[in-house]
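These are the residues of each chain, in order.
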Amino acid sequence: MAQEFDVLVIGGGPAGYVAAIRAAQLGLKTACCESNPYADPKGQPRLGGTCLNVGCIPSKALLHSSELFDHANHAFIMHGIKAEGVEIDVPSMIRRKDNIVTQLVSGIKGLFKKYKVTFLAGHGSFVADADGMWKMKVGDGEVIAKHVIIATGSSARHLSGIPVDNVQIVDNEGALQIDAVPKRLGVIGAGVIGLEMGSVWKRLGSEVTILEALPDFLAAADQAVAKEAWKVFTNKQGLKIYLGVQIKEVTTSPAGVSVKFEDDNGEQLLECDKLVVAVGRVPNTDGLNAQAVGLQFDQRGHVEVDGHCSTNLRNVWAVGDVVRGPMLAHKGMEEGVMVAECIAGQAGHVNYDAIPWVIYTHPEIAWVGKTEQELKAAGIPFKQGQIPFLANGRALGQGDTTGFVKVLAHAETDQILGAHIIGTNASELIGEAVLAIEFGASSEDIARTSHAHPTLSEVMHEAALAVDKRSLHF
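First things first, this report covers the structure right here in the doc. What you see is a predicted model; the values in this text were computed from it and never measured.

Quick notes on the environment of Ser310
Thought 1: Position of Ser310 among the secondary structure elements: in the loop between helix H8 (290-293) and strand S17 (316-318).
Thought 2: Considered as a pair, Ser310 and Val339 are 29 residues apart in the sequence and their alpha carbons are 8.0 Å apart.
Thought 3: Sequence-distant contacts of Ser310, defined by excluding residues within four places in its chain, comprise Glu304, Val305, Val316 and Trp317.

Side note on the side chain of Lys97
Thought 1: Residue placement: Lys97 occurs in helix H4 (residues 90-115).
Thought 2: The residues contacting Lys97, other than those within four sequence positions of it, are Pro58, Ala61, Leu62, Leu176 and Gln177.

Focus on the sheet that holds strand S22 (residues 416-423)
Thought 1: Taken together, 5 strands build an open sheet; the order of strands is S18-S19-S22-S21-S20 and the sheet is antiparallel. Looking along the sheet, the strands with just one partner apiece sit at the ends: strand S18 (357-359) and strand S20 (382-388). The sheet shows a mean angle of 10 degrees between the axes of neighbouring strands, direction not considered.

Re the packing of aromatic side chains
For any pair of aromatic rings, geometry is given as the distance between the ring centres together with the angle between the planes.
Thought 1: Under the counting rule described, the total for this entry stands at 5 aromatic pairs.
Thought 2: Ring centres of Phe217 and Phe233 lie 6.3 Å apart, and the angle between their planes is 85 degrees; on these two criteria the pair is classed as edge-to-face. You can see Phe217 sitting in the loop between strand S10 (207-211) and helix H7 (223-236) and its partner Phe233 sitting in helix H7, a full 16 residues away along the chain. Here the two residues Phe217 and Phe233 agree in accessibility, since each one is buried.

Observations concerning helix H3 (residues 56-74)
Within an α-helix, residues lying three or four positions from one another point in the same direction, as the helix has 3.6 residues per turn.
Thought 1: Taking 1.5 Å per residue as the helical rise, H3 with its 19 residues ought to reach 27 Å, and the 26 Å between its terminal C-alpha atoms agrees with that figure.
Thought 2: Buried residues of H3: Pro58, Ser59, Ala61, Leu62, Leu63, Ser65, Ser66, Phe69 and Ala72, and no others.
Thought 3: Check the buried side of H3 and you find it contacts helix H2 (49-54), H4 and helix H6 (192-203).

A few points about the pairing of strand S4 (residues 124-130)
Thought 1: Sheet topology note: the S4/strand S5 (residues 133-138) ladder contains 6 bridges and is antiparallel. For Asp129, the partnering residue across the bridge sits in S5 and is Trp134.
Thought 2: Hairpin connection of S4 to S5: 2 residues between the antiparallel strands, including Asp131 at a positive phi of 55 degrees.

Looking at the pattern of salt bridges
Thought 1: Enumeration according to the criterion identifies 18 salt bridges in this entry.
Thought 2: For Arg184, the salt bridge identified is with Asp273, shortest N-O distance 3.1 Å. Residue Arg184 is located in strand S9 (residues 184-188), and its partner Asp273 is located in the loop between strand S14 (266-272) and strand S15 (274-277); the two are separated by 89 residues in the primary sequence.
Thought 3: Residue classification places Arg184 among the partly exposed positions, given a relative accessible area of 25%.
Thought 4: Look at Asp273 and you get partly exposed, because its relative accessible area is 25%.
Thought 5: Of the charged contacts in the structure, one is a salt bridge between Lys376 and Glu372, with a shortest N-O distance of 2.9 Å. On the criterion of helical spacing, the pair formed by Lys376 and Glu372 is a turn pair, its members being 4 residues apart in helix H10 (residues 372-378).
Thought 6: When salt bridges with common partners are traced through the structure, they connect Asp222, Glu372, Lys376 and Lys406 into a single cluster.

Brief notes about unusual backbone geometry
Thought 1: In this chain, His362 is followed by Pro363 through a cis amide linkage whose omega measures 5 degrees.
Thought 2: A cis amide bond links His453 to the next residue, Pro454, at an omega of -5 degrees.
Thought 3: The backbone of Asn315 sits at a positive phi, close to 60 degrees, despite the residue not being glycine.
Thought 4: Residue position: Asn315 is located in the loop between H8 and S17.
Thought 5: One non-glycine residue, Asp414, adopts positive backbone phi at about 70 degrees.
Thought 6: Residue position: Asp414 is located in the loop between strand S21 (404-410) and S22.
Thought 7: In this structure Asp414 comes out as buried when scored by relative accessible area, which is 13%.

Section: the nonpolar core
Thought 1: With 39 residues, the main nonpolar core has Trp201, Ile210, Phe217, Leu218, Phe233 and Ile365 as its most contacted residues.
Thought 2: Broken down by secondary-structure element, the contributors of at least two residues to this core are H3, H4, S9, H6, S10, H7 and strand S19 (364-369).
Thought 3: If one sorts the elements of this core by residue count, H7 sits on top with 5 residues.
Thought 4: Filtering out sequence-adjacent residues up to four positions away, Ile365 remains in contact with Leu218, Val225, Ala229, Phe233, Trp357, Val358, Ile359, Ile421, Ile422 and Ala426.
Thought 5: Among the nonpolar cores identified, the runner-up in size contains 32 residues, and Ala24, Val105, Leu328 and Ala340 belong to it.

Conventions used here
Residues numbered from 1 in each chain as written. Predicted model: local features only at pLDDT ≥ 70, side-chain atom pairs only at ≥ 80, totals over all residues. Heavy atoms only, no water. Helix = DSSP H or I, 4+ residues; strand = E, 2+ residues; numbered from the N terminus. Contact = heavy atoms within 4.5 Å. Pairing = 2+ DSSP bridges. Axes fitted to C-alpha atoms, helices over the stretch in contact; angles between N-to-C directions. Phe/Tyr/Trp six-rings, centres within 6.5 Å; stacked < 30°, edge-to-face > 60°. Buried < 20%, exposed > 50% of the residue type's maximum accessible area, 1.4 Å probe, protein only. Expected span 1.5 Å × (residues − 1). Salt bridge = Lys/Arg side-chain N within 4 Å of Asp/Glu carboxyl O. Core = buried A, V, L, I, M, F, W, Y, C linked by side-chain atoms within 4.5 Å.

Given below as structure tokens:
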């Protein structure tokens, strides 16, 4: 007889495992199924999804390792620390990254055990609506569930005519497994993944060239941040970035990869040892047997949902990368919590205006809310305060004063509409602005809040003061 559950979650990534844990916390009999083994040495399904296994976590581990290597070679000297003959052992760096991933995967399994979430190995798909319940296929077996949460995530988008073999031409997964520093690295796509992976290997000694189809650099970010990032990445760090690129042909040989492309300067040729394809992601919807039950999708291939992530089918929900909105792990987690609470009869909610974005380059880039160009386009009156890290004692002490904090507030109500940071620890500093937007705070609220001295957070304080043209240290 088939097992019966209150909730079945399809997918064990951030959105899925969080939804399962929250549902179980609320007293619902919950199961979560996963089929992707990722890099498991035993070939067993692994929880954590793309983020934990081949995305957010491993890439940040590599970024930190490469940053330490770069500091040892170029930044230690200013502190009076002499380090000669510093070398990078790439296989050891990769092993450290893999160990971190394994530890966190085990941690999710422990949480499932703690909250009594049943883990089912196998791909989940719909069979039929059966007397007010959903008959589901998981692997070779069947289960019955009252509610189904689709959390199947996304996969790297590949380009026609550019075969990804994850040896010479790699996507985000292959980029995390490169076992030696390539002399020449090409990257297609100057988005989050392209910039992060380019930064890793540039710091380790690669000559990195990034090709971007869009005519503008970091178009989603505030223009002031994008301008500063361009200056730092190209002039200071030496990344070669071409904009408005059209890829004509990609060929491989034992000697490497050749990329013929065209930009405003005409046809050009990029020769590299490895090529990273980082052109976004597409939702994973194959294998759900969606047509059989009438599940609806939008024009971009996402599962169609309302503001509470409910689909057109009764008691069927979808969260994370498989639905509209930014493909961010923390956004998916919040949706997972919201749906679990809605199923339990509570008032689940996600404020999509308070979802932070982070690019983990060096310097880091982070923002939340509206950009200056979005406010201008919408005709919303605003005022702004912008303060550089150059004026901050902690930044000077750490030896890195790159970047600034910019706060945007409504010109009439003073409510914070957006905050934008480029600089060290931007990913941590943005949390204050996220909280401010969540609570509907004004720039005056941050300006009147005491910030510890000396800290980088004081730059957020000064930027809030600068909105009213009364900054104290700049």
